[in-house]
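This is what each chain is made of:
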Amino acid sequence: MNPGSTPAGRPDVLVVGGGIGGLSAALALGRQGLRVRVLERAKEFGEVGAGLQIAPNCTRILAEYGLLEEARALGVVPQNMVMRDALDSRELTRLDLRDLERRYGFPYMVIHRSDLHGIFLRACARAGVELLTDHTVSGYDNTAEGALIRLADGSAQEAPLVIAADGLHSVARRRLVGDAVVSSGYVAYRAAVPIEQVRDNGIAEKDVTVYIGPRCHFVQYALRGGDMFNQVAVFESPKARAGRADWGTPDELDAAFEATCDTVRKGIPLMWRDRWWQMLDRDPVATWVHGRIALLGDAAHPPLQYMAQGAIMAIEDGWVLARHYARQAGAACAESGPDWQAALTAYEAVRTEHCRRVQTTARAWGELWHLDGERRLRRNAIMRARDTYDYSFTDWVYGPTALTPAEEPPMFTPIPL
Ligand SMILES: Cc1cc2nc3c(=O)[nH]c(=O)nc-3n(C[C@H](O)[C@H](O)[C@H](O)COP(=O)(O)OP(=O)(O)OC[C@H]3O[C@@H](n4cnc5c(N)ncnc54)[C@H](O)[C@@H]3O)c2cc1C
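Now for a look at the structure at hand. All of these numbers come straight from a predicted model, not from anything done at the bench.

A look at the environment of glycine 243
Turning to step 1, where the next piece is worked out: Looking at the element boundaries, glycine 243 is found in the loop between helix H7 (238-241) and helix H8 (250-256).
Turning to step 2, where the next piece is worked out: Taking the number of C-beta atoms within 10 Å as the measure of exposure, glycine 243 has 8 and is therefore exposed.
Turning to step 3, where the next piece is worked out: As for glycine 243 and glutamine 79, which are separated by 164 residues in sequence, their C-alpha atoms are 42 Å apart.

As structure tokens, then:
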């Protein structure tokens, strides 16, 4: 029997979507003693794709949840993040990730996305979060006491708070904001292969390496304790530029990397060719909270992935919302209960601006990485001049997650090309 059909089983929070955003928010709120129910449309909980980079602003939160050691055991802590030119393979700049860990207090890690998802799924189960699959949500409405979701099977469920963490193509976003996704014309191919398959390809097993080149880039790092190797190949699709619907196909992958250096070209034949990810985002919006319905994760702020912060922002969202709920719960009187509206207002006040910064920086990063000709050479010179231990480009994002706009650190000053 569905517990939502009985008043006794009514949850405090309904979370739509069981991706990393939905599960991590469910865990954060479940840890506050709230009854949380997750509704996922897929038949099983899971994640498609390969590796994820998780920076200190995420591992700090994992540590607070008691999940960092599990993540460390399943993932890899690389030694450096090295950026190279994809054409001549020369080093442009690097982050010393051991020093970075000393600066921010928490590691920069890489992990298989299904491992991180599994960590949250198990933690949710331990925290008593109700986890339901095969539940597709098709509609949302605010009510006198909270919000209501309609399911594809015709039933409805209500709670004081509904979190819509239903991803880039969010039904809630369509209903509440009504904007369209923005196509960058770029596409990503992924692959995670046994490390033995790439050992002779000139790879750096202990580093995250990012090769940046004209209209393309290529990312490599080891996963699962070093047993697997993750690769991401991203390029601008000529078919997308020509306005064709079938863009990003494997023939375009091969052509896009023809002029790149040996190590990159050796990696291309290993990419999965049966699926690819068109790189879409949305323009930032300042309103994520509509009555008692709150957008979270990619539903609220889908980025281009160049800052490697999409899943991290989703995890931060849940952490911030739970912190503000806890503040309200601490101040609440017995009759009225915690002030959800105040918690939601505080959540929106700080998260929309932070995520706007990440989304717009990710777009700018993409342009910088993909430059050609004279501007590529000028960019390379500027990057080579950067001191490895200059953290002015990372302090605004890898430091502690802000709980209020006043805590949000200033952004870096862009260097004009
Ligand atoms: C190539 C690539 C590389 C990336 N690398 C990184 C990285 O290194 N680091 C990083 O932090 N981020 C990275 N990201 C971004 C990251 O993957 C996403 O930002 C993150 O997974 C978003 O999580 P989410 O839970 O908000 O959305 P999703 O993962 O999309 O989850 C949404 C969930 O909602 C469910 N759902 C959808 N509609 C409904 C419905 N109507 N009813 C019920 N359930 C529904 C879906 O089935 C899904 O399970 C990368 C992205 C790409 C494409």
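Regarding the sheet that holds strand S7 (residues 130-132)
Turning to step 1, where the next piece is worked out: Reading across the sheet, the six strands line up as S7-S2-S1-S11-S18-S17 and stay open at both edges, with mixed pairing between neighbours. Both edges of this open sheet fall to S7 and strand S17 (289-290), since each of them pairs with a single strand only.
Turning to step 2, where the next piece is worked out: Bridge count between strand S1 (residues 13-16) and strand S2 (residues 36-39): four bridges; the pairing is parallel. Across the sheet, the residue bridging to leucine 14 is arginine 37, located in S2.
Turning to step 3, where the next piece is worked out: Sheet strands touched by helix H1 (residues 20-30): S1, S2 and strand S11 (161-164). Its angle to S2, the strand with the most contacts, is close to 170 degrees.

Description of the site of the ligand
Turning to step 1, where the next piece is worked out: The immediate surroundings of the ligand are formed by 32 residues, with Gly17, Gly19, Gly167, Gly297 and Gly310 found nearest.
Turning to step 2, where the next piece is worked out: Elements with a minimum of two residues in the shell around the ligand: H1, strand S3 (51-54) and helix H10 (310-331).
Turning to step 3, where the next piece is worked out: In terms of residue count, H10 provides more of the shell around the ligand than any other element does, four residues in total.
Turning to step 4, where the next piece is worked out: Class assignment of the residues belonging to the shell around the ligand gives a composition of 16 nonpolar, twelve polar and four charged.

Remarks on the pairing of S11
Turning to step 1, where the next piece is worked out: The alternating pattern of S11 places Leu161 and Ile163 on one face and Val162 and Ala164 on the opposite face, and all of these are buried.
Turning to step 2, where the next piece is worked out: Across three bridges, S11 lies against strand S18 (residues 293-295) in parallel orientation. Bridging across to S18, alanine 164 finds its partner in leucine 295.

Examining the nonpolar core
It is characteristic of soluble globular proteins that their nonpolar side chains tend to be buried jointly.
Turning to step 1, where the next piece is worked out: Of all hydrophobic cores here, the largest spans 124 residues; its most connected members are Val16, Val162, Ile163 and Ala164.
Turning to step 2, where the next piece is worked out: Leaving out residues up to four positions away in the same chain, valine 16 has contacts with Gly22, Leu39, Val137, Ile149, Val162, Ile163, Ala164, Ala165, Asp166 and Ala172.

Considering the environment of valine 397
Turning to step 1, where the next piece is worked out: Within the secondary structure, valine 397 sits in helix H13 (residues 395-398).
Turning to step 2, where the next piece is worked out: Judged by C-beta crowding, with 21 C-beta atoms within 10 Å, valine 397 ranks as buried.
Turning to step 3, where the next piece is worked out: Along the primary structure valine 397 and proline 56 are separated by 341 residues, whereas in three dimensions their C-alpha atoms are 8.9 Å apart.

A few points about the pairing of strand S12 (residues 182-194)
Turning to step 1, where the next piece is worked out: In this structure, S12 lies alongside strand S16 (residues 277-281), joined through four bridges in antiparallel fashion. By the bridge assignment for S16, valine 187 is matched with glutamine 278.
Turning to step 2, where the next piece is worked out: As judged from the nine bridges shared by S12 and strand S15 (residues 228-236), these two strands associate in the antiparallel manner. In the sheet register, proline 194 faces S15, and the bridge partner there is methionine 228.

Things to note about the packing of H10 against helix H11 (residues 340-369)
Turning to step 1, where the next piece is worked out: Between H10 and H11, whose axes approach to 9 Å, the crossing angle comes to 155 degrees. Between H10 and H11, the angle is such that the two are roughly antiparallel. Here the hand of the crossing between H10 and H11 comes out right-handed. Contacts between H10 and H11 involve Met313, Asp317, Val320, Leu321, His324, Tyr325 and Gln328 from the first element and Ala342, Ala343, Ala346, Tyr347, Val350, Arg351, Cys355 and Val358 from the second.
Turning to step 2, where the next piece is worked out: Taken together, the residues of the contact of H10 with H11 break down into eleven nonpolar, two polar and two charged.

What about the sheet that holds S15?
Turning to step 1, where the next piece is worked out: Ordered by their spatial adjacency, seven strands build an open sheet running S5-S4-S13-S14-S15-S12-S16, and the pairing between neighbours is mixed. Lying at the two open borders of the sheet, with one neighbouring strand each, are strand S5 (91-96) and S16. Mean inter-strand twist for the sheet, computed between neighbouring axes without regard to direction, equals 20 degrees.
Turning to step 2, where the next piece is worked out: Running over the sheet, helix H4 (residues 97-104) touches strand S4 (80-85) and S5 and is turned about 45 degrees from S5.

What counts, and at which threshold
- Residues numbered from 1 in each chain as written.
- Predicted model: local features only at pLDDT ≥ 70, side-chain atom pairs only at ≥ 80, totals over all residues.
- Helix = DSSP H or I, 4+ residues; strand = E, 2+ residues; numbered from the N terminus.
- Buried ≥ 20, exposed ≤ 12 C-beta atoms within 10 Å, placed from the backbone.
- Pairing = 2+ DSSP bridges.
- Contact = placed C-beta atoms within 7 Å.
- Axes fitted to C-alpha atoms, helices over the stretch in contact; angles between N-to-C directions.
- Near = placed C-beta within 6 Å.
- Nonpolar A, V, L, I, M, F, W, Y, C, P; charged D, E, K, R; others polar.
- Core = buried A, V, L, I, M, F, W, Y, C linked by C-beta atoms within 7 Å.
- Parallel < 35°, antiparallel > 145°, perpendicular 65-115°, else oblique.
- Left-handed = near helix turned anticlockwise from the far one by under 90°.

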